[in-house]
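# Structure assessment
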Amino acid sequence: MKKRNMKVLALLMTVTMAGTMLAGCGDSGSTSSSSTGGTTASSSGTADASSASEEDTTAASSSTADASSEDTTGSDDVVGELPRNETLYFAGQQWGTVNDYNPMSANSNNAMVLAQGDASRVLVYETLYMWNPLDAKMYPLLADGDPVWNDARTEITVKIKADAKWNDGTPVTAKDVAATYHAHVDNNSSTGAEMKNYIADIVAEDDSTAVFKLVTDDSGKAVNPVLAERYLPMLYILQENYLNTVAERNNNDPEAIKLDKMEDLVSSGPYKKYFDNDQNVVLIRDDNYWGQADSMWGKLPVPKYISHPIFKDNAAATTAFQNGDVDVAQVFITDLQKLWLEQDLPISTYIDEAPYQLCMTMPTLFFNTEVEGLDQVAVRKAIAMAVDYDQVISSAMSGQSPTFADVPRSVMNPTDGEQALVDQDALKEYQWSNADIEGAKKLLDDAGIVDTDGDGIREYNGKNLSYKAECPTGWSDWNATLEIVAAAGKNIGINIETYFPEAANYNTDYSTGNFEITMQSGPGTSVANPYMRCRFFMSSDYNALEVNYSGNFGHYQNDRVDEILAAIPQETDDAKLKDYYTELSKIMLEDCPCVPLMYRPQVFHEVNESVWTNYPQKDDGTNVPPMDCTDGYGVAALYNLELVDG
């Protein structure tokens, strides 16, 4: 019997569910910080609001937030309860009060509605396509069929589904797609500022045909087809008429438009705004949702309400999850398998055994190559070789990552789609064994980097090799990882001290190059990856930036890397792409400008099956990814849910 069935049976025998939590009334509007986790750095200019929290969430004694919502009217002035058998409760995504519902805003703090990234959250606003990391494919949402490239790869044509409707009953058209592009670009939103570098225009040829015209260079080639295509499953499509309304009430002032709360939003998704305050965010199903047409899902999502109580911290969220007051959790829980193995709770993960989650990102050690000593390949590689990665995975990650013996290092994440793009056999000679202390010592000795004064620390140019390795305080799994890195340094005669500043200081340090060794987590899975991840690891495009949140934080420079990164977007031959990605992996393993430390979920996906069941699981035949039932093609999970009691 699968663990899911065993746990649900145990729960039905032993667990009585708590009711819904009380709600307070109030007006949304105050600004609050978002997730305590490490926001994935991205060249898109838009933070991925689904990025996982790094905080340890083992504490079980903290109380949950006082949170719930209204049942009948959706008014902010009414206090009521949500029917438990119609409500799917979330944790780990929304932190603090919603600021607005505006996709052009730079400060929405509205994670359940506005998470526009590589696999955008599509509960309220919708994209043309949905990304599925399981098979590395885009699935049509508002679009009708696959995107079509012209022969020169300078244009992408997308058809719009005839059934697609806005929640005011009017059709979604290609004019809405074009208007969305122009609103972002004309108002200089962060999305528009980045998008216009790759997409010169979006033109509505007719009501159902949108043509993406890419930015081209002097030779007529598209500047970057890969980064242009990325917007197909990423960009929220907005209604032209509503955008005109917003522009008019703000006197066409771009800054005012970006500050508009858009609480009267018109959207196309299966849910719409119902209630939000400083204790809860609630969405209600639109029972007129166009997606119940045969051309899309053919039915409505099962839960009527989506509710995200706003917890004071991850410990409180985890407690609510363990108690069954939360159904879907996006939090890191140390030794989460103990929740079902020892506590017999009805909690499931995507995979029955370790690593339990679908790992798609790679928290990575970056060396500042402009710091003396770290500018030497031998020093960087020796540190990389000496690290006990098995200990990182077993203790810091409590087994929630494949080992590098299972999935050897490369520029690829562990998903089947990406692993098929690299020749691991060709990389075998460049891999190092786990915690290879003697090999690291020999590498340093051969480079003449030795301890000449007997203090136990090697010198380079007469100075001790002594560095700080930093990540934010409170990110306990990352903190533990850097302690293991520091121990590795000590074992080979390099003094590495850990430094755990507040997150704001850490962000300033890595983005301005004010660090020696730092830790960051890059792009996960998307239509633009692994290309974007390779840029994140090694592209010199970022080296001239005064403030850099995008990647290659240590200012590594390699002309061959830049040549390959320039060639990949123009290449369509799979064999040649595999050669390129294999060569980039070889360079990363040889030069070690950065070192992946573990594999990690793009989003954590844990579910409590005390009320709802039939969530995605590996090999269940549904092809639905574990993306919190909200992101990209992961939203398909909402159509498969069943109540435990039938």
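Residues numbered from 1 in each chain as written. Predicted model: local features only at pLDDT ≥ 70, side-chain atom pairs only at ≥ 80, totals over all residues. Heavy atoms only, no water.

### Considerations on the overall build of the protein
- Assigned secondary structure in the protein consists of 18 helices and 24 strands.
- Within the protein, the proportion of its 646 residues that are buried is 60%.
- Summarising the internal contacts of the protein: among those between residues at least 6 apart in sequence, 72% fall at separations of at least 24.
- Carbon and sulfur atoms make up 45% of the accessible area of the protein, which totals about 23,100 Å². (Helix = DSSP H or I, 4+ residues; strand = E, 2+ residues; numbered from the N terminus. Buried < 20%, exposed > 50% of the residue type's maximum accessible area, 1.4 Å probe, protein only. Contact = heavy atoms within 4.5 Å. Areas by Shrake-Rupley, 256 points an atom, 1.4 Å probe, with all protein chains shown as cover.)

### Description of the pattern of salt bridges
- As enumerated under the stated definition, the model contains 21 salt bridges in all.
- Put simply, Lys338 and Asp335 hold a salt bridge, and the shortest N to O gap is 3.6 Å.
- Close ionic contact of Glu418 with Arg533 constitutes a salt bridge, the shortest N to O distance being 2.7 Å. Residue Glu418 is located in helix H11 (residues 416–419), and its partner Arg533 is located in helix H16 (residues 531–538); the two are separated by 115 residues in the primary sequence. For the pair shown, Glu418 and Arg533 are each scored as buried.
- Shared partners join several salt bridges into a network, and the residues in it are Arg249, Asp260 and Asp264. (Salt bridge = Lys/Arg side-chain N within 4 Å of Asp/Glu carboxyl O.)

### Quick notes on the sheet that holds strand S5 (residues 155–159)
- On the basis of which strands lie adjacent, the open sheet formed by four strands has the order S4-S5-S7-S6 and antiparallel pairing. On the outer flanks of this sheet lie strand S4 (148–149) and strand S6 (199–206), each paired with one strand and no other.
- Pairing between S5 and strand S7 (residues 209–214): five bridges, direction antiparallel. Of the residues in S7, the one forming a bridge with Val158 is Ala210.
- Along the sheet, helix H2 (residues 174–186) contacts S6 and S7; its crossing angle with S6, the most-contacted strand, is approximately 160°. (Pairing = 2+ DSSP bridges. Axes fitted to C-alpha atoms, helices over the stretch in contact; angles between N-to-C directions.)

### A word on the side chain of Lys258
- Turning to its location among the elements, Lys258 is positioned in helix H6 (residues 254–259).
- Setting aside anything within four residues of it in sequence, one finds Lys258 in contact with Asn102, Met104, Ser105, Asn187, Asn188 and Ser189.

### A look at the nonpolar core
- Counting 171 residues, the largest nonpolar core has Tyr125, Leu128, Phe212, Trp297, Ile383, Leu584 and Leu638 as the members making the most contacts within it.
- Ignoring anything within four residues of it in the chain, the contact list for Leu638 reads Leu88, Leu123, Tyr271, Pro301, Val302, Pro303, Ile306 and Cys629.
- By size, the runner-up hydrophobic cluster in this structure holds 17 residues, among which are Trp95, Ala317, Leu339 and Trp340. (Core = buried A, V, L, I, M, F, W, Y, C linked by side-chain atoms within 4.5 Å.)

### Focus: unusual backbone geometry
- Note that the residue after Ala354, namely Pro355, is joined by a cis bond; omega there is 10°.
- With respect to the helices and strands, the residue Pro355 is situated in the loop between strand S12 (347–349) and strand S13 (359–361).
- Following Asn529, the chain continues to Pro530 via a peptide bond in cis, the omega torsion being 15°.
- Despite not being glycine, Asn109 shows a phi value in the positive range, around 50°.

### What about the sheet that holds strand S17 (residues 466–470)?
- Spatial strand order, S18-S17-S19-S14-S20: five strands in an open sheet with mixed pairing. Each of the sheet's edge strands pairs with one partner strand only, and the pair in question is strand S18 (495–499) and strand S20 (594–596). Mean inter-strand twist for the sheet, computed between neighbouring axes without regard to direction, equals 25°.
- Where strand S14 (residues 363–367) lies against S20, three bridges are found, and the strand directions are antiparallel. For Thr364, the partnering residue across the bridge sits in S20 and is Pro596.
- Against the sheet, helix H14 (residues 476–491) makes contact with S14, S17, S18 and strand S19 (517–521), and its axis sits at roughly 165° relative to S18, the strand it touches most.

### Notes on helix H9 (residues 377–386)
- Most of H9 is tucked away, with nine of its 10 residues classed as buried.
- If you check which residues of H9 are buried, you get Ala378, Val379, Arg380, Lys381, Ala382, Ile383, Ala384, Met385 and Ala386.

### Brief notes about the state of the cysteines
- A full pass over the atoms with the stated rule returns zero disulfides.
- Of all cysteine sulfurs in the structure, the one in Cys594 sits closest to Cys534, which takes part in no disulfide; the separation is 9.7 Å.
- Free cysteine: Cys592, not disulfide-bonded; nearest cysteine sulfur from Cys594 at 8.3 Å.
- Residue classification places Cys592 among the buried residues on the basis of a relative accessible area of 0%. (Disulfide = S-S within 2.5 Å.)

### Details of the environment of Tyr580
- Within the secondary structure, Tyr580 is located in helix H18 (residues 574–591).
- Between the alpha carbons of Tyr580 and Val561 there is a distance of 9.4 Å; along the sequence they are 19 residues apart.
- Among residues more than four places away in sequence, those in contact with Tyr580 are Arg560, Ile564, Ala567, Ile568 and Glu571.

### Re the pairing of S19
- In terms of burial, S19 is a largely internal element, five of the five residues being buried.
- Sheet topology places S14 next to S19; five bridges connect them, and they run antiparallel. Bridge assignment links Thr364 to a residue of S19, and that residue is Gln520.

### Describing helix H10 (residues 389–396)
- Every buried residue of H10 is listed here: Tyr389, Val392, Ile393 and Ala396. Summarising the axial view, the buried residues of H10 lie within an arc of 110°, below the 170-degree limit, and thus occupy one face.
- Residues of H10 that are buried sit in contact with H9, H14 and S20.
- Sitting at the head of H10, Asp388 places a side-chain oxygen 3.3 Å from the backbone nitrogen of Asp390.
- Immediately beyond the C-terminal end of H10, within one or two residues, lies Ser398, with a positive phi of roughly 45°. (Arc of directions from axis to C-beta. Polar contact = N/O pair within 3.5 Å; in protein donor to acceptor, adjacent residues only side chain to side chain.)

### Things to note about the pairing of strand S8 (residues 271–276)
- Where S8 meets strand S9 (residues 280–285), five bridges bridge the pair, whose relative direction is antiparallel. Among the inter-strand pairings, Lys273 is bridged to a residue of S9, identified as Leu283.
- Between S8 and S9, which follow one another and run antiparallel, lie three residues.

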